[in-house]
Structure formats: C-alpha cells, structure tokens
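Fold and contact review
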Amino acid sequence: MRLHRSLYVRAQTPSPSNDDNQVSPEITSSKNVDNLEDEVRRVRNSPAGEPSKLRYGLITGLATAGLVETAYLTWMKLQGGPVSCPLGGTGCDDVLNSKYGTIFGVPLSLVGMLAYGTVTLLASRMATNPKDRFIEEEGLVKWLLLASTTVMGVASTYFMYILNDKLGGASCTYCVGSAILSISLLLCTLVSFNPGDLRNVAGIQLTAGVSVALVLSAAFNDIDSASFRSGDIDIPYESPEVTHVSNAKEIALAKQLKAIGAKMYGAFWCSHCFEQKQMLGKEAVKYLEYVECYPEGYRSGVKIAKECDEINIQGFPTWVINGQQYSGELEFEKLVELSGLSTSESAQ
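This section reports on the structure supplied with the text. (Residues numbered from 1 in each chain as written. Predicted model: local features only at pLDDT ≥ 70, side-chain atom pairs only at ≥ 80, totals over all residues. Heavy atoms only, no water.)

Brief notes about empty space enclosed by the protein
Within the structure shown, the criterion is met by one cavity of 30 Å³ or more. Put simply, the largest cavity is a space of about 60 Å³. What lines the largest cavity is simply Ser239, Pro240, Ala267, Phe268, Cys270, Cys273, Phe274, Lys277, Tyr290 and Glu292. Of all the elements in the fold, those that place two or more residues in the lining of the largest cavity are helix H10 (271–280) and strand S5 (290–292). (1 Å grid on protein atoms, 1.4 Å probe; cavity = no way out; pocket = protein on both sides within 12 Å on 5 of 7 lines; lining within 4 Å. Points joined across faces, edges and corners; volume = space filled by probe spheres on them. Helix = DSSP H or I, 4+ residues; strand = E, 2+ residues; numbered from the N terminus.)

Below, the structure is given as structure tokens:
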C-alpha cells in the first residue's frame, strides 16, 4: 500500500530536466478530476456562510424595528396627532413638532423611514438568498450596507447633539431608541469586514461622515435654538371660525350623529379637525358632539383633556361612533354610512 502511494505521488511530480522551458504534464486521471469536483462541492456545501446569514438576519430585525418606529412617527406627523412617549411626558411630541423635526421641509421621520427601509430590503435579501446567489451578491451588498449605516450612524449622533444642546435636553424616547438602532446596525455591518478592508475605506467613511454633518448643520443653521426649546412652546386656545353654510343634508347628518351618541375628538390647532367641521358647516356643527382635547391651550407639560386620555386618542380628529374609533378626517359619505342615516334623509 505504501509502495503504491509512493508511486502515485511520484507519478504526479515533474521529473527534473535541464530544459527550463519544459512544461509539467497535466493530470488527466478521471480519479483526480472526480476528487477536484468533490472538493468544489464540499466548499459550496460548507456551513461557512451560515454565520453571515445569521448576521444579516439580525440586521434585518433591527432595521425592521426602526422602520416600524419611523413609520408610526411619520403617520402621526402627517395626521397632526399627539405622539405618546413610551416613558411618559410630552417630549416626543415637542421634538416631532419643533422646527428640528423637519429637514428642508421633509419630516425627519420620513427620511429615517426610507433609510431603515433600504437597510431592511438589502439585509433581508441576503438573509434569505440561496448560497450560490449569497456568495455572488454579498460583496456588493455589504458595501451598500456600510455606506447606508455609516450615514445613519453619523446622522443619529448629530441628532443627539441637537436634542441635548438645541432642545434643552428634551426627553424623546423615540429619538434615543433610533440612535441606538442606527449605531447597532453600523456595528453589525462592520463585523462583516476584515481590518484590511476597513483601512482601505476609512478615508471614504470619514468623508461621508463629515459631509452628512455639514449638510445637517446647514439645514439647521438658521434656527434660533433658544426660541425652540421645548419649554418655550405656548399656543393659547383659539377655536378657528367655521365659515361654510350648512345645507339640509349636512344638518340632518349632524343631528343623526348626535342622536346615536357619536362624538368627534379634536384639537384647536389641528387643521384636519377644522376641515372636518368646515365640511359639515357652521349650522351643523352646533348639533355635533365635539370634545376639545386641549381646552387650555397647548404648551410644554400640558396634559390632554381627561375625556380624550380615557379613550387613548392616537390622532386628530378621532370619531367614536357606535362604540368604534375612527382616526382621521372622514368623508361625508362615510359618516352617512356609519351613522345609519337613511338615503332619503341624506338626499334631502
């Protein structure tokens, strides 16, 4: 057996020759070809890629959490409703509605939602890819993730500076949570690179970080920090005047809503609440059961009216009709349907 192995090895070893240009004979044994194919198959089927997929799964989970948070904040920003801080207080709402809550006219929460959405799509693709495609695509995807999470990490750090320096250290659970998620995503992404790769792109990362900080500084440069501290917000109560003249069917609807005990909860500063009243008209509004959630005005530390707090208002306006809550401005036809007003009465 040893002799056979020795001869086999010797048969593959090039014989010494004085001719420097002599090419060693190729191994054409079918057994060797089979061995090579087995080796390739073993590498492809090795579990080496599994830890990477687990890491991409973790990144997907973190980014999804950020996506849900920023989607909620964006929805509340567009709806004009109050944001409830998980740890209590009005700091989250103050920050969301301050001038630092938008950048170039776009809600910051919307920008964050797009960023988290991008990371979620990239990471989830890698976490669910077959191994062949995983190997082919990982090189590109991990660099895209690095670019995205670097920008997010720098931006979150800058926003923490805004929160503490420009907004007087206002309490904002969502802001802190988003910063933690962004930094965690960056760290999880960095793990997929070796030190040599990171050294090669350190300059690019530094340039990207400085660029993001400069853009944010330019966007917020004209805001006077003192006038927008959370403690300076003070909006006195003033109910806007409804000018639309109600017709017969609008008055009939308002009477029907009152008859079934329906209520509309709103805030004097909410444009959607005003539009809802304007749709019904000034005569119909007199019959409407309307609950003002901030009758004493809106300022830092003010509490929402007890009646509004008891039903856990999530946005303005909120309708309660037949025991069901409906958030947001409702169309006339929808109110007719929910009120049970007959077609003949609404057509009058």
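Quick word on a negative patch on the surface
On the surface, Glu275, Glu329, Glu331 and Glu333 cluster together to form a negatively charged patch. If you trace the backbone, glutamate 333 turns up in helix H13 (residues 332–339). On the accessibility criterion, glutamate 333 (57% relative accessible area) is exposed. (Patch = residues over 30% accessible without salt bridge, like charges linked within 9 Å, V, L, I, M, F, W, Y side chains within 5 Å. Areas by Shrake-Rupley, 256 points an atom, 1.4 Å probe, with all protein chains shown as cover. Salt bridge = Lys/Arg side-chain N within 4 Å of Asp/Glu carboxyl O. Lys, Arg positive; Asp, Glu negative; His and termini not counted. Charge placed at Lys NZ, Arg CZ, Asp CG, Glu CD. Buried < 20%, exposed > 50% of the residue type's maximum accessible area, 1.4 Å probe, protein only.)

Overview of the pairing of strand S7 (residues 318–321)
Burial of the side chains of S7 extends over both faces: Thr318 and Val320 are buried on one face and Trp319 and Ile321 on the other. In the sheet, strand S4 (residues 263–266) pairs with S7 via three bridges, with the strands oriented antiparallel. Residue pairing in the sheet places lysine 263 in a bridge with valine 320 of S7. Adjacent in sequence and paired antiparallel, S7 and strand S8 (residues 324–327) are bridged by two residues, among which asparagine 322 carries a positive phi angle near 55 degrees. (Pairing = 2+ DSSP bridges.)

Notes on H13
All of the buried residues along H13 are Phe332, Leu335, Val336, Leu338 and Ser339. Count one or two residues on from H13 and you reach glycine 340, which has phi positive near 80 degrees.

Some points on the nonpolar core
One recurring pattern in soluble globular proteins is that nonpolar side chains are buried together. In terms of nonpolar packing, the biggest core is built from 31 residues, with Leu253, Tyr294, Phe316 and Trp319 touching the most fellow members. Of all the elements, H13 adds the most residues to this core, at four residues. Apart from residues lying up to four places away in sequence, tryptophan 319 is in contact with Leu257, Lys263, Met264, Gln276, Leu288, Gln324, Gln325, Tyr326, Gly328, Leu330 and Leu335. Of all hydrophobic cores here, the second largest spans 22 residues; its members include Val95, Leu96, Tyr100 and Ala179. (Core = buried A, V, L, I, M, F, W, Y, C linked by side-chain atoms within 4.5 Å. Contact = heavy atoms within 4.5 Å.)

Concerning the packing of helix H9 (residues 248–259) against H13
With their axes 10 Å apart at the nearest point, H9 and H13 run at an angle of 40 degrees to one another. Looking at the two axes, H9 sits oblique to H13. Of the two elements, H9 crosses H13, and the hand of that crossing is left-handed. Residues Lys249, Glu250, Leu253, Gln256 and Leu257 of H9 pack against Phe332, Leu335, Val336 and Ser339 of H13. (Axes fitted to C-alpha atoms, helices over the stretch in contact; angles between N-to-C directions. Parallel < 35°, antiparallel > 145°, perpendicular 65-115°, else oblique. Left-handed = near helix turned anticlockwise from the far one by under 90°.)

So, the layout of surface pockets
The computed volume of the largest pocket comes to approximately 700 Å³. Around the largest pocket, the lining is made up of 35 residues, and of these Leu108, Ser109, Gly112, Phe159 and Ser178 lie nearest the centre. Elements with a minimum of two residues in the lining of the largest pocket: helix H3 (50–79), helix H4 (91–96), helix H5 (108–128), helix H6 (131–166), helix H7 (173–190) and helix H8 (195–220). By residue number, the principal contributor to the lining of the largest pocket is H6, which donates nine residues. A per-class count over the lining of the largest pocket returns 26 nonpolar, eight polar and one charged. (Nonpolar A, V, L, I, M, F, W, Y, C, P; charged D, E, K, R; others polar.)

Description of the sheet that holds S8
In space, the four strands of this open sheet follow the order S5-S4-S7-S8, with mixed pairing throughout. A single partner strand is all that each edge strand has here, and the edge strands are S5 and S8. Across the sheet, the mean angle separating the axes of adjacent strands is 20 degrees when strand polarity is ignored.

Structural notes on the side chain of glutamate 69
Of note, glutamate 69 is situated in helix H3. Salt bridges are absent for the buried glutamate 69, whose nearest opposite-charge side chain, lysine 77, sits at 15 Å. Setting aside chain neighbours within four positions, we find glutamate 69 in contact with Tyr174, Gly177, Ser178 and Leu181.

Topic: a nonpolar patch on the surface
Together, Leu206, Val210 and Leu214 give the surface a local cluster of nonpolar side chains, amounting to about 310 Å² of exposed area. Residue position: leucine 214 is located in helix H8. Judged by its relative accessible area of 56%, leucine 214 falls in the exposed class.

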